[in-house]
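# Observations on the model geometry
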Amino acid sequence: MDFETILYTVDGPVATITLNRPEQLNTIVPPLPDEVEAAVGRAAADRAVRVILLRGAGRSFCAGYDFGGGFKAWDEQITTDGEWDAGRDFAFATAPQSAPTQKLMSVWRAPKPVIAQVHGWCVGGGSDFALCADLVIASEDAQIGTPYSRMWGAYLSGMWIYRLGLTRTKFHALTGRPLSGRDAADAGLINEAVPFARLEERVAELAAELARLPSSQLAAMKLIVNQAYENMGLASTQTLGPILDGLMRNTPEARAWIDRAEADGVRAVVEERDGPFGDYSQAGEEGRPDPRNVIEP
């Protein structure tokens, strides 16, 4: 199977899924969720594979859903006669057969451990996706956040809530403030943060460590931990999140915001949204990933 938006490779016991839209910072468009789901399925069926690695090509892991065209890439699923259709949107966004969140959640459901290797920008839906992995290792200068908390979205996978805890999640949900890779590790949102120069080496070490264990043992331990969080209501959260996301994309403020993005460009509305906070693209150099840190696929 040939892929348009990802690369899939296998090296011994490790299958690597690389998001491969580097010029667009690996933003999510069709058919990326379908291709991730298919690649995860391929890795799960390959008895030689024991660990799945998830990463992004170029300067970033994933900068979220691509809204530069006003979400038009998804119009066939969420509009009727050119107008947003709330019923079609919620049905599309929650059905396992169609929902992008559920397709990206395939890394959570896979019986094999998934390691997310995060660098650069890991924001919006990209952060929801990365946090579905079992282990998340980031470069210290990565920026992980949900700018949609301020405009045009809502938590999708719920993993920010379940990984970070009430106190910290409320702060980031209400402010949209990002965390560096180092801060995310210190807060317990992710597992580890390392200098970018050591990122690939550290992930390879961890993958090799897991690959030494029996696949059935890995599957059992992953299942019991995941099931505990399923019992806490993860599925309910993931049903509500995409429904709220659709609503928040279609409030009067959100519609005006996206109209301006189409007229004046994404840069203008992002500056308006994040300028008062001085973060994301409006941060100084210390608050942005080093653009020289590039993953070559």
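Up top is the structure.
Quick summary incoming for the structure in this document. (Residues numbered from 1 in each chain as written. Predicted model: local features only at pLDDT ≥ 70, side-chain atom pairs only at ≥ 80, totals over all residues. Heavy atoms only, no water.)

## Observations regarding the side chain of T146
Put simply, the rule reads: Secondary structure follows DSSP: runs of H or I at least 4 residues long count as helices, runs of E at least 2 residues long count as strands, and numbering of each begins at the N terminus. Accessible area is worked out with a 1.4 Å probe on protein chains only. A residue is then buried under 20% of its type maximum, exposed over 50%, and partly exposed in between. For this analysis, residues touch if any pair of their heavy atoms sits within 4.5 Å.
Its place among the elements puts T146 in the loop between β9 (143–145) and α7 (159–164). T146 gets classed as buried once you look at its relative accessible area, which sits at 1%. If we skip the residues at most four places from it in the chain, T146 touches G124, S127, Y155, W160, H172, G176 and Y280.

## Some points on the environment of V203
Structurally, V203 can be placed in helix α10 (residues 196–211). Expressed as a C-alpha distance, the spacing of V203 and E192, which sit 11 residues apart in the sequence, is 9.9 Å. Once residues within four sequence positions are removed from consideration, V203 is found in contact with L53, I115, Q117 and I137.

## Quick notes on the nonpolar core
Stated formally: Note on terminology: a nonpolar core comprises buried Ala, Val, Leu, Ile, Met, Phe, Trp, Tyr and Cys residues joined through side-chain atoms within 4.5 Å.
In terms of nonpolar packing, the biggest core is built from 62 residues, with L19, F61, V118, L189 and I190 touching the most fellow members. Top element by residues in this core is helix α1 (residues 32–45). It accounts for 5 residues. Not counting residues up to four positions away in its chain, the partners in contact with L189 are L131, I144, W160, R163, L164, L179 and A184. Core analysis: the second largest hydrophobic core is formed by 15 residues, V51, L199, L206 and A211 among them.

## Quick word on the environment of F196
Here F196 is to be found in helix α10. Taking the C-alpha atoms as reference points, F196 and V118, separated by 78 residues in sequence, lie 9.5 Å from one another. In contact with F196, other than residues within four places in its own chain, are H119, S139, N293, V294 and I295.

## As for the sheet that holds β9
For sheets, the rule is that strands pair by backbone hydrogen bonds, running either parallel or antiparallel. Filter applied, for reference: Pairing between strands is defined by DSSP: at least two bridges between them are needed.
The strand order across the open sheet formed by 3 strands is β7-β9-β10, and the pairing between neighbours is mixed. Looking at the sheet topology across the chains shown, the edges are occupied by β7 (121–123) and β10 (179–180). Here 3 bridges tie β7 to β9, and the two strands are oriented parallel to one another. Bridge assignment links V123 to a residue of β9, and that residue is G145.

## Some remarks on the sheet that holds strand β11 (residues 192–194)
The cut-off we apply is this: To obtain an axis, a line is fitted to C-alpha atoms, over the contacting stretch when the element is a helix, and the angle between two such axes runs from 0 to 180 degrees between their N-to-C directions.
Strand order in this open sheet of 6 strands is β1-β2-β3-β6-β8-β11, and the pairing throughout is mixed. Edge positions in the sheet fall to β1 (6–11) and β11, since each of these pairs with one other strand and no more. Adjacent strand axes in the sheet meet at a mean angle of 20°, parallel and antiparallel pairs treated alike. As paired strands, strand β2 (residues 14–19) and strand β3 (residues 51–56) are joined by 6 bridges and run parallel to one another. Across the sheet, T18 pairs through a bridge with R55, a residue of β3. Against the sheet, α1 touches β1, β2 and β3, its axis set at about 15° to β1. Contacts from α10 reach β2, β3, β6 (114–118), β8 (135–139) and β11, with the element oriented near 160° to β8.

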